[in-house]
Amino acid sequence: MVIGFEVITLFPAMFAAVSEYGVTSRALQAGLWRLRTWNPRDFTSDNYRTVDDRPYGGGPGMVMLAEPLERTLDAAQAAGGGRVIYLSPQGTRLDHRKVMALSKESAITLLCGRYEGVDERLLARRVDEELSLGDFVLTGGEPAAVAVLDAVVRLLPGALGDHESASSDSHYDGLLSPPSWTRPPAFRGHAVPEVLLSGDHAAIAAWRQREAERLTRERRPDLWAAHEQGTQDAPDGA
Ligand SMILES: C[S@@+](CC[C@H](N)C(=O)[O-])C[C@H]1O[C@@H](n2cnc3c(N)ncnc32)[C@H](O)[C@@H]1O
C-alpha cells in the first residue's frame, strides 16, 4: 500500500531531507510513498501574504493565523486527506509503536507549526492528533515531520534493500539492537568478538540476543521492564 503524505509547511524546501537523500528518496522514486507540500502563504488573501499575528492577551512572538491554515487544510484534504497530525511539543511522544501504526495508514496530513504555534481554534477544529518528537522545543514542526516521514517510510515493505532490515534495529522487538562491527578484525588493539568470526550462525544469533538484552537492561531499564513484562505475559509456547 502506498502512503500519501500532505505536509503543510512554510518551509517546503526542508523536506528535501527525505525526498532527495538515501532510503526515503529511493522509496519515493519507487512509488512506495507520495509527498506533497502545501504552503499556507499560497492561501492568504492580502498583498503581504500574512500567515501570523500577535497573540491576544499579549506576550512574546507571533501566532499562526487560523484562516490561511483552514484554507490550506481544505486543499490538502481534498487532494489527499487522511488523519491530520499536528507536530507539537504538547503532543503524545513519538515511539516505534506509533511509527508502526502510521506506516499502515494510506494517507496522512502533517501540520507544521512555526513561531509561538497555531491559533487554538484551528487546532480544535481540524487536528485529529498531536505528536511530539520529545520533551524539548523546536523552532518549527518541520524537523519533527521529517523525522516522522523518515521513520515511517523506512518501515514500508520494499523501502529497505535486502541487505538492510528494520527487524534487527533497536525498538523493533522492544530491545536495543546489539553492537555492530566491521573490518578489520583488529582496530588499534581492539579485536572483534571471536564468535562473530566463527561462522556459527546459531552461536552468533544467541550472542546477539544476549548483547541486546544486556544493553537494554543497562541503558533502558524502562524498556527492559516492559520487555520482561511482555515475556512473562506471553502464553506458553508463544
Ligand atoms: C517554538 S514552537 C512553539 C512552542 C509552543 N509555544 C509551546 O510552548 O508549546 C513552534 C512550532 O514548533 C513545533 N515543535 C516544537 N517543538 C516540537 C516538538 N518537541 N515536537 C514536535 N513539534 C514541535 C510545533 O509545530 C510548534 O508549533
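Here the structure is shown first, and the text comes after it.
Notes on the structure follow.

Here is what the cut-offs are and how they apply
- Residues numbered from 1 in each chain as written.
- Predicted model: local features only at pLDDT ≥ 70, side-chain atom pairs only at ≥ 80, totals over all residues.
- Heavy atoms only, no water.
- Salt bridge = Lys/Arg side-chain N within 4 Å of Asp/Glu carboxyl O.
- Helix = DSSP H or I, 4+ residues; strand = E, 2+ residues; numbered from the N terminus.
- Buried < 20%, exposed > 50% of the residue type's maximum accessible area, 1.4 Å probe, protein only.
- Phe/Tyr/Trp six-rings, centres within 6.5 Å; stacked < 30°, edge-to-face > 60°.
- Lys NZ or Arg CZ within 6 Å of the ring centre and 35° of its normal.
- Expected span 1.5 Å × (residues − 1).
- Contact = heavy atoms within 4.5 Å.

Here we take up the pattern of salt bridges. Side chains that carry opposite charge are capable of pairing whenever their charged atoms lie near each other. Under the defined criterion, the tally for this structure stands at 15 salt bridges. R36 is the partner of E6 in a salt bridge, and the nearest nitrogen-oxygen pair spans 2.8 Å. Of this pair, E6 sits in strand β1 (residues 3-8) while R36 sits in strand β2 (residues 33-38), and the two are 30 residues apart along the sequence. With a shortest N-O distance of 2.8 Å, D74 and R126 are connected by a salt bridge. Remark: R126 occurs in helix α5 (residues 120-126) and D74 occurs in helix α3 (residues 66-79); sequence separation between them is 52 residues. On the accessibility criterion, D74 (40% relative accessible area) is partly exposed. Through salt bridges with shared partners, a single network forms among E70, D74, R125 and R126.

Attention shifts here to the packing of aromatic side chains. Following the criterion strictly, the structure yields three aromatic pairs and no others. Taken together, a centroid distance of 6.0 Å and an interplanar angle of 80° make the contact between F5 and W33 edge-to-face. Taken together, the positions of F5 in strand β1 and W33 in strand β2 put the pair 28 residues apart, joining distant regions of the chain. Side by side, F5 and W33 carry an identical accessibility label, which is buried. Centroid distance W181 to W207: 5.9 Å. Interplanar angle 50°. Geometry classified as tilted. Residue W181 is found in the loop between α6 (142-153) and β8 (186-187), and its partner W207 is found in helix α7 (residues 201-219); the two are separated by 26 residues along the sequence. Judged by relative accessible area, which is 13%, W207 ranks as buried. A cation over an aromatic ring shows up here: R217 above the ring of W224, its NZ or CZ 5.3 Å from the ring centre.

Taking 1.5 Å as the rise per residue, α3 with 14 residues should run 20 Å; its terminal C-alpha atoms sit 20 Å apart, in good agreement. Listing the buried residues of α3 in full gives P68, L69, E70, T72, L73 and A76. If you follow the buried residues of α3, they end up packed against β1, β2, β4 (63-64), β5 (83-93), β6 (107-112) and α5. Positive phi shows up at G81, right after α3, with a value of about 80°.

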